[in-house]
Amino acid sequence: MIYAGNFKTNHTRASTASYILALNSAIEGKKKDRVVIFPPISALDSFDISFTIGVQNAYPTQKGAFTGEIGVEQLDEFGIKTILIGHSERREILKETQDKVVEKFNFFKSLGFEIFYCIGEPLSVREMGEGKVKEYLLSQFDGIDIAYDKLIVAYEPIWAIGTGRSASVEDIRSIHQFLKSHIDKPLLYGGSVNPSNIGEIGSIDGVDGVLVGSASLKVESFLELMGSRDE
Ligand code: PEP
């Protein structure tokens, strides 16, 4: 299993550092699972830990005149080689188009970054039925090299993100099976995953891991979530 935690715009530099050290001492030498944390940019640092720190976003540039953005020169300082691309909050709130997502994908792919690529349908598409959901999800791969060896896909239905309402086991199984028949890559589910539902979500065929927002914010909750999967 891959357990990825996305802090979004939560945690300070100080609270991230305490979290990361606590997580590291709790899991060091114990888990065979892969753990990746995406802290806010202001909290990036060089940590001596046994899991991966990734970045939630970056601009496709080494450096330059891109006010408010961060480029590879800033990521290199901390040895960051993992990036989240296509998260629905960037697509929906920050209006990142598929063209921009593809530009980022190609740029970070050319530098050998591991890419967590997010896809997911809004409620309006889900309400049109599963056929439309599948069509929509495939369109989010337009321009994306699905053969890239460092690609990890995260299916996150937008209506399940941060709402406390995860997709049903049947919906997840069906969409994951569908995606797996097109894309031979690790496939995570995301959307209101928590310590109570990880047991059933984590055991669905085709779920290789989870991308977790809210339930990753407290280290105790994230550890409980990882532990509950094993019970
Ligand atoms: C996310 O935004 O990637 C996410 C899955 O959030 P949450 O777990 O809060 O639904």
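For clarity, every value in this text was computed on a predicted model and none was experimentally measured.

A. Broad picture of the site of the ligand. Not every one of the 14 residues close to the ligand is listed here, only the nearest: Lys8, Glu156, Gly162, Ser192 and Ser214. A distance of 2.6 Å separates an oxygen atom of the ligand from a polar side-chain atom of Ser214. Residues that form the shell around the ligand fall into these classes: four nonpolar, seven polar and three charged.

B. Representation of helix H7 (residues 169-182) in the model. Compared with the 20 Å implied by 1.5 Å per residue over 14 residues, the 20 Å span of H7 between its first and last C-alpha is a close match. Each element contacted by the buried residues of H7 is listed here: strand S5 (114-119), helix H5 (123-126), helix H6 (130-139), strand S6 (151-155), strand S7 (187-190) and helix H8 (198-202).

C. Looking closely at the sheet that holds strand S8 (residues 209-212). Sheet architecture is open: eight strands sit in the order S3-S2-S1-S8-S7-S6-S5-S4, paired in parallel fashion. Either end of the sheet is taken by a strand with one partner, and the two such strands are strand S3 (52-53) and strand S4 (82-85). Sheet analysis places strand S1 (residues 2-6) next to S8, joined by four bridges and oriented parallel. Bridged to Tyr3 within S8 is Val210. Relative to the sheet, H7 contacts S5, S6 and S7, its axis offset from that of S7 by approximately 150°.

D. Region of interest: the side chain of Asn57. Structurally, Asn57 is set in the loop between S3 and helix H2 (72-76). A distance of 3.3 Å separates a polar atom in the side chain of Asn57 from a polar atom in the side chain of Arg90. Within the structure, Asn57 has its side chain in polar contact with the side chain of Lys104 (distance 2.5 Å). Those residues within four positions of Asn57 in sequence are excluded, and the remaining contacts are Ile41, Glu69, Ile70, Ile83, Leu84, Arg90, Glu96 and Lys104.

E. Summary view of unusual backbone geometry. Phi at His11 is positive, roughly 80°, even though this residue is not glycine. Look at His11 and you get partly exposed, because its relative accessible area is 26%.

F. A look at the environment of Lys134. Relative to the helices and strands, Lys134 is located in helix H6. Separated by 87 residues in the primary sequence, Lys134 and Phe47 have C-alpha atoms spaced 40 Å apart. Setting aside anything within four residues of it in sequence, one finds Lys134 in contact with Ile175 and Phe178.

Conventions and cut-offs
Residues numbered from 1 in each chain as written. Predicted model: local features only at pLDDT ≥ 70, side-chain atom pairs only at ≥ 80, totals over all residues. Heavy atoms only, no water. Near = heavy atom within 4 Å. Polar contact = N/O pair within 3.5 Å; in protein donor to acceptor, adjacent residues only side chain to side chain. Nonpolar A, V, L, I, M, F, W, Y, C, P; charged D, E, K, R; others polar. Helix = DSSP H or I, 4+ residues; strand = E, 2+ residues; numbered from the N terminus. Expected span 1.5 Å × (residues − 1). Contact = heavy atoms within 4.5 Å. Pairing = 2+ DSSP bridges. Axes fitted to C-alpha atoms, helices over the stretch in contact; angles between N-to-C directions. Buried < 20%, exposed > 50% of the residue type's maximum accessible area, 1.4 Å probe, protein only.

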